[in-house]
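What follows is the residue order along each chain.
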Amino acid sequence: MNDLIIGAHVEQSDAITEATDRGTTIAQIFLGNPQSYKGPALTYEGGIAALREDARAAGIGLYVHAPYVINVATGNNRVRIPSRKLLQQHVTAAAELGALGVIVHGGQMGKDGDLDAGFDNWRKAIDGLKAEVPVLIENTAGGDNAPARQLENIDRLWAAVQAAKGADMVGFCLDTCHAHAAGADLTGVVERVRAVTGRIDLIHLNDSRDANGSGADRHTSLGQGQCDPDGLVDVVRSAGAPVILETPGDAAQHRADIDWLRQRLAAPIA
Ligand SMILES: [Zn+2]
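These numbers were taken from a predicted model, which means no experiment stands behind them.

## Observations concerning the sheet that holds strand E1 (residues 6-9)
Reasoning step 1: The strand order E1-E2-E3-E4-E5-E6-E7-E10 describes a closed barrel built from eight strands, whose pairing is parallel. Shown here is a sheet whose adjacent strand axes are inclined to one another by a mean of 30°, direction ignored.
Reasoning step 2: Sheet analysis places strand E6 (residues 170-175) next to strand E7 (residues 202-205), joined by three bridges and oriented parallel. Looking at E7, one finds that Cys-173 is bridged to Leu-202.

As structure tokens, this is what we get:
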């Protein structure tokens, strides 16, 4: 693989210091409260323009994680419509920031939800989105009726978004904890996902506190959870994409995650 590009999810208000403390050249931030529909709220001193300039000066590429509450797939209008608006607000702000991309979860249809409608809602959401930065759809951990959980659903989701006008701005973010939670074997998952999406643009590299197939979304430090360690390494090696850690802890803990990974990437494949 090419040189590893790795960073971590950090606090927006201190994003550049947090990234440089980790010795990284990329970082991921929220632009607002991840559990709220209120829209971007800049806590970085000097706002978007200052963050953009400071990131550029420090050589840090920024990814924006859209709020968790966004669900553009759901059949519930009162969630879907504000979700689209919120996604647009984040994409617009991310473009002002000069961000590398916006990561958004695939959403949930609920127990009795109509998945076919969910895929079509995704197509409409992309159709209606003015995307000036790539929008990376992330696989999700739980739910029986989730457009981006199981591979067969990701396949159908991809067919739907590829039919949208803005399809060229849509990419894929593979989260290892979520794939493990969905019951996937991490070894080979990159090839299986790429066979349906044609691309993986970003890896969220997280270990999981829970068992394979649990549906639970509780991230933990690399090597400390129930993900197959060889599988985690295989994902990074096969994807050749930038890696963002969403593991717990401070700069020292993230440096330990990065060391854990680098040691294993350097070792010959058994
Ligand atoms: Zn993630």
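## Looking at helix H4 (residues 115-128)
Reasoning step 1: If you check H4, its first and last C-alpha atoms are 20 Å apart, about what 14 residues at 1.5 Å a residue would give, namely 20 Å.
Reasoning step 2: Of the residues making up H4, those classed as buried are Leu-115, Gly-118, Phe-119, Asn-121, Trp-122, Ala-125 and Ile-126. Buried residues of H4 fall within an arc of 155° about the axis and therefore sit on the same side.
Reasoning step 3: Two to three positions downstream of the cap, the backbone nitrogen of Asp-116 sits 3.0 Å from a side-chain oxygen, assigning the N-cap of H4 to Asp-114.

## Side note on the pairing of strand E5 (residues 135-138)
Reasoning step 1: Because side chains alternate across E5, one face comprises the buried residues Val-135 and Ile-137, and the other comprises Leu-136 and Glu-138, equally buried.
Reasoning step 2: As judged from the four bridges shared by strand E4 (residues 101-105) and E5, these two strands associate in the parallel manner. Paired with Ile-103 across the bridge in E5 is Leu-136.
Reasoning step 3: Regarding topology, H4 serves as the crossover connection from E4 to the parallel E5, and that connection is right-handed.
Reasoning step 4: Bridging between E5 and E6 involves four bridges; their strand directions are parallel. Paired with Val-135 across the bridge in E6 is Val-170.

## Considerations on the environment of Ala-131
Reasoning step 1: By the element assignment, Ala-131 lies in the loop between H4 and E5.
Reasoning step 2: Along the backbone, Ala-131 and Asp-168 are 37 residues apart, and their C-alpha atoms lie at a distance of 9.6 Å.
Reasoning step 3: Beyond its immediate sequence surroundings of up to four residues, Ala-131 is in contact with Val-91 and Met-169.

## Let's talk about the coordination of the zinc ion
Reasoning step 1: With distances of 2.1 to 2.3 Å, the protein atoms coordinating the zinc ion are Glu-138 (OE), Asp-175 (OD), His-204 (ND1) and Glu-246 (OE).
Reasoning step 2: Going along the chain, you hit the donors of the zinc ion in the pattern E-x36-D-x28-H-x41-E. Residue Asp-175 is located in strand E6, and its partner His-204 is located in strand E7; the two are separated by 29 residues in the primary sequence.
Reasoning step 3: Classification of Asp-175 as buried rests on a relative accessible area of 0%.
Reasoning step 4: Residue His-204 is classed as buried on the basis of its relative accessible area of 0%.

## Describing the packing of H4 against helix H5 (residues 151-162)
Reasoning step 1: Running from N to C, H4 and H5 point in directions that differ by 40°, and their axes come no closer than 8 Å. When the interaxial angle is binned, H4 and H5 end up oblique. The two elements H4 and H5 cross, and the hand of that crossing is right-handed. Contacts from Leu-115, Asp-116, Phe-119, Trp-122, Arg-123 and Ile-126 in H4 reach Asn-153, Arg-156, Leu-157, Ala-160 and Val-161 in H5.
Reasoning step 2: Class assignment for the residues of the contact of H4 with H5 results in seven nonpolar, one polar and three charged.

## Details of the pattern of salt bridges
Reasoning step 1: Applying the stated rule across the entire model yields eleven salt bridges.
Reasoning step 2: Between Lys-124 and Asp-120 there is a salt bridge whose closest N-O contact spans 3.8 Å. Here the residue Lys-124 and the residue Asp-120 both occupy positions in helix H4, the gap between them amounting to four residues, near one helical turn.
Reasoning step 3: Note on Lys-124: relative accessible area 36%, which makes it partly exposed.
Reasoning step 4: Taking relative accessible area as the criterion, Asp-120 reaches 29% and is therefore assigned partly exposed.

The rules we used
Residues numbered from 1 in each chain as written. Predicted model: local features only at pLDDT ≥ 70, side-chain atom pairs only at ≥ 80, totals over all residues. Heavy atoms only, no water. Pairing = 2+ DSSP bridges. Helix = DSSP H or I, 4+ residues; strand = E, 2+ residues; numbered from the N terminus. Axes fitted to C-alpha atoms, helices over the stretch in contact; angles between N-to-C directions. Expected span 1.5 Å × (residues − 1). Buried < 20%, exposed > 50% of the residue type's maximum accessible area, 1.4 Å probe, protein only. Arc of directions from axis to C-beta. Polar contact = N/O pair within 3.5 Å; in protein donor to acceptor, adjacent residues only side chain to side chain. Right-handed = clockwise from strand over helix to strand, strands pointing away. Contact = heavy atoms within 4.5 Å. Donors = N, O, S within 2.8 Å, 3.2 Å for Na, K, Ca; no water. Parallel < 35°, antiparallel > 145°, perpendicular 65-115°, else oblique. Left-handed = near helix turned anticlockwise from the far one by under 90°. Nonpolar A, V, L, I, M, F, W, Y, C, P; charged D, E, K, R; others polar. Salt bridge = Lys/Arg side-chain N within 4 Å of Asp/Glu carboxyl O.

Shape descriptors only; they carry no functional weight alone.
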